2 protein chains.
Amino acid sequence: MALASTETTTSLGRVEDARSKPFGPAAALSCRECGARYDLGPNFACIECFGPLEIAYDFGRVTREQIAEGPTNIWRYRSLLPVPADVAAKPNMAPGWTKLVKADNLARELGIRSLHVKDDSGNPTHSFKDRVVAIAVEAARNFGFHTLSCSSTGNLAGAVTAAAARAGLDACVFIPADLEEAKIVMASVYGGKLVGIEGTYDDVNRFCSELIGDELGDKWGFVNVNLRPYYAEGSKTLAYEIAEQLGWRIPDQIVIPVASGSQLTKIDKAFKELIALGLVEDRPYKIFAAQAEGCSPVSAAYKAGHDVIRPVKPDTIAKSLAIGNPADGPYVLDIARRTGGAVEDVTDAEVVDAIRLLARTEGIFAETAGGVTVGVLRKLVAEGKLDPEAETVVLNTGDGLKTLDAVADHARPTAVIRPSLDAFRTAIA
Amino acid sequence: MALASTETTTSLGRVEDARSKPFGPAAALSCRECGARYDLGPNFACIECFGPLEIAYDFGRVTREQIAEGPTNIWRYRSLLPVPADVAAKPNMAPGWTKLVKADNLARELGIRSLHVKDDSGNPTHSFKDRVVAIAVEAARNFGFHTLSCSSTGNLAGAVTAAAARAGLDACVFIPADLEEAKIVMASVYGGKLVGIEGTYDDVNRFCSELIGDELGDKWGFVNVNLRPYYAEGSKTLAYEIAEQLGWRIPDQIVIPVASGSQLTKIDKAFKELIALGLVEDRPYKIFAAQAEGCSPVSAAYKAGHDVIRPVKPDTIAKSLAIGNPADGPYVLDIARRTGGAVEDVTDAEVVDAIRLLARTEGIFAETAGGVTVGVLRKLVAEGKLDPEAETVVLNTGDGLKTLDAVADHARPTAVIRPSLDAFRTAIA
């Protein structure tokens, strides 16, 4: 496909191009294990070897200038995603292009020379999930699914129901019944059906796999099951944005949270794409993975030198990362080892400390997942595993307003007084 | 001042220009009532007539191209604000450039032809207050204040403490003690002191006026008291962005919430500036003001045909608008009448309905203040006061995650079930 034809315009020829290429530069589904290729369809597992399918592309030429002319959201990278050229014109949440915050105060506290926080709490429903859902919505449209669904630890449910509302699709989403109040309200308020499951996220996930084989869920697009190959590509945009916001440069080291592990593997994939396309210099980078101690199957395997992940039953305040049987865990191990990074975990107390540290140094109020990455960053520096002289990026993938309970005990008024100067003097002095 | 010298660069000459013009294009403080002019200082009331002071400018030439080259935050408009040319380089929250969402679904429900939602929940602390605070921080720096303070209905307290944390300033903020939990946590988590006052916002405000005259608060910058002329200018950026995002055009009609009334008056001021500078076509526009019935002193005066606002004791779930004695109320009346708009109010039940309407049509979860504007928009259409054929913009100034209680009764799971298909069939069928 010629470069110009990926542009969104109203000229007839180009609209036809968008119609004839509903998945844009995506060429096929490809098995991550055996490399078998399939037509683009609502499939997620290889029928040869049961390996996970991912998107294979035929990119053609992509330039920095072409990207810079795009909108200030993820669609500026549409020529690197499985979406049509006119994607930005359809009703969608327009996520992405969140701030890359130069975190000099936090860097000073941690003894790091150069640190940025990629703050994805700025997305429409205040988590990185808006990115992945936006791609899944486009796939659902292409496959004629009328209902959008997912298993979720909370953030995804809100992102799916919001995106479905705006796109005019039905939604029915599934969460563990014991989630944070803010996540329950947010997943309900946009309309659609919200179903609480008595069990862990892994129980919810198993239930959704059953449902997808049943006539009940037959015409449904489960964003993280049968639309997973498309959905997962949305995480690449985090990496594209970080590189572009650094002036088209991949950072030396990056700290990424691990739930299923999908986000981390896609950031690695995106960095490799940018290098292959000549959009950034080909330099080594290290990827560090962060988990909460109460759900650290990948960290445990890494430390034990294993290649296989042993599932755990999660027990942590970092509920958005509470996936005890992470599908992409082995790939995370692989990437951390290959790039010279590491996998590390922190306690719930360290998570709370890190949330407060980030808030008081940079004015960023992260959810528990952000506490995990900042806490792990601190631990990695202390352990000497992270180079304090190298350019570092740490991800905050969600918003503190969704996990208020984590810090509520520490975030109280200094005093409650009558409106008088005497009362103020007494309380503050 | 020549145009080029307003650019932020590292060349010596321009940095000197930033130093010698710490308030950029601002020329003086000017009394809104009698027109008396004062040097730029930490003052807010005219010593001649006690009228409110506002910023007077000497803009020079400002072009669309110059603005478009700026960053994607409020500093793209730095040549229209009381800030130095190098403001973007100092540690700040970089608010603004929030989405102007084309709201076709909501427009259809309301029977309006063209509707956009300016969604300021996308700001760093998820309310429009980040805009005004960013300007106040710069003024505090210029005046040598080491502590940032405010009276707040909640959103402002969070914006001030976050901005102070990042800027390296101390903070001590004051709120009514009975605010929403999310706003209390958010105003505490960034560090600084948070003081709850037993009373209404108007009590808090009176207390701050006392404090500012006392030695205790002598070297403090109260963003909405002694820094108010600077602070208030931040609201102009809402208008600049709306015009630029519409393709440099002022909308025919706009619905704006009224707490103190400052935001509305500054949006009107900004539209007039854009016309005077030739940045947009000089066409009439109508400004509509929105209040909650439980705190509607301006709406009451408007409907009664009065010029004077009679203070009320607020009783509404829209706590961020619960200012019973709004300082800029008379100016709001003036602008609504002059532009051919109106002032209207809605009940708390209508606020909740409107929050849910906006969420299920556009995937935007607004706080109660957004429910007020959308509810008033709906009412104005029904009453025939708003032209359904004209281009309309409605403001959402805050985030639903901060006022969960307003919708919590309506936003529950459809069902809570065991993870089995039979349980799902029974629950959903």
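Heads up: the structure comes first, above all this text.
Residues numbered from 1 in each chain as written. Chains lettered and ligands numbered in written order. Predicted model: local features only at pLDDT ≥ 70, side-chain atom pairs only at ≥ 80, totals over all residues. Heavy atoms only, no water.

1. Structural notes on the pairing of strand β7 (residues 170-176) of chain B
Residues and elements named next belong to chain B.
Working step 1: Most of β7 is tucked away, with six of its seven residues classed as buried.
Working step 2: For strand β6 (residues 147-151) and β7, the ladder comprises five bridges, and the chain directions are parallel. Within β7, the position partnered with S149 by the bridge is C172.
Working step 3: As for the winding sense of the linkage, the β-α-β connection from β6 through helix α5 (residues 155-167) to β7 is right-handed.
Working step 4: Two strands pair when backbone bridges link them, and β7 and strand β8 (residues 193-197) are joined in this way by five bridges, in the parallel orientation. Looking at the pairing, I175 lines up with G196 of β8.
Working step 5: In this view, the connection linking β7 to its parallel neighbour β8 by way of helix α6 (residues 181-189) has right-handed handedness. (Buried < 20%, exposed > 50% of the residue type's maximum accessible area, 1.4 Å probe, protein only. Helix = DSSP H or I, 4+ residues; strand = E, 2+ residues; numbered from the N terminus. Pairing = 2+ DSSP bridges. Right-handed = clockwise from strand over helix to strand, strands pointing away.)

2. A few points about the interface of chain A and chain B
Working step 1: Every contact between the two is made by 68 residues of chain A and, on the other side, 68 residues of chain B.
Working step 2: Among the residues chain A hides against chain B, the three largest losses belong to R166, L401 and F424 of chain A. Together they make up 11% of the total.
Working step 3: At the junction of chain A and chain B, the tally comes to six salt bridges.
Working step 4: In this structure, R166 of chain B and E362 of chain A form a salt bridge, with 2.4 Å as the shortest nitrogen-oxygen distance.
Working step 5: At the junction of chain A and chain B, the tally comes to 24 residue pairs in polar contact (both at pLDDT 80 or more).
Working step 6: In terms of residue count, helix α6 (residues 181-189) of chain A provides more of the side of chain A that touches chain B than any other element does, seven residues in total.
Working step 7: Here the side of chain A that touches chain B is built from residues that sort into 39 nonpolar, twelve polar and 17 charged.
Working step 8: In this sheet, strand β14 (residues 415-417) of chain B lies alongside strand β8 (residues 193-197) of chain A in parallel orientation, the contact comprising three bridges. (Contact = heavy atoms within 4.5 Å. Buried area = accessible area lost by both parts, 1.4 Å probe. Salt bridge = Lys/Arg side-chain N within 4 Å of Asp/Glu carboxyl O. Polar contact = N/O pair within 3.5 Å; in protein donor to acceptor, adjacent residues only side chain to side chain. Nonpolar A, V, L, I, M, F, W, Y, C, P; charged D, E, K, R; others polar.)

3. Looking at the sheet that holds strand β10 (residues 253-257) of chain B
Residue and element names in this part refer to chain B.
Working step 1: Strand order in this open sheet of six strands is β4-β5-β13-β10-β11-β12, and the pairing throughout is mixed. Whereas interior strands pair on both sides, the edge strands pair on one side only; in this sheet they are β4 (100-102) and β12 (342-346). The sheet shows a mean angle of 25 degrees between the axes of neighbouring strands, direction not considered.
Working step 2: In this sheet, strand β11 (residues 286-292) lies alongside β10 in parallel orientation, the contact comprising five bridges. For I254, the partnering residue across the bridge sits in β11 and is I287.
Working step 3: Its contacts with the sheet put helix α9 (residues 236-245) on β4, β5 (114-119), β10 and β13 (391-396), and the angle it makes with β5 is roughly 135 degrees.
Working step 4: Where helix α14 (residues 368-382) meets the sheet, it contacts β5, β10, β11, β12 and β13, and its direction lies at approximately 115 degrees from that of β12. (Axes fitted to C-alpha atoms, helices over the stretch in contact; angles between N-to-C directions.)

4. Some points on the pattern of salt bridges
Residues and elements named next belong to chain B.
Working step 1: According to the stated counting rule, one finds 68 salt bridges over all chains in the structure shown.
Working step 2: In this structure, the salt-bridge partner of R76 is E244, at a minimum N-O distance of 2.6 Å. Of this pair, R76 sits in the loop between α2 (64-68) and β4 while E244 sits in helix α9; the two residues are 168 residues apart in sequence, bridging distant segments of the chain. E244 matches R76 in its accessibility class, with the two residues each being buried.
Working step 3: Among the salt bridges present, the one from R228 reaches D328, with a minimum N-O distance of 4.0 Å. With R228 in helix α8 (residues 228-233) and D328 in the loop between α11 (297-304) and α12 (329-339), the pair connects residues that are 100 residues apart, well separated along the chain.

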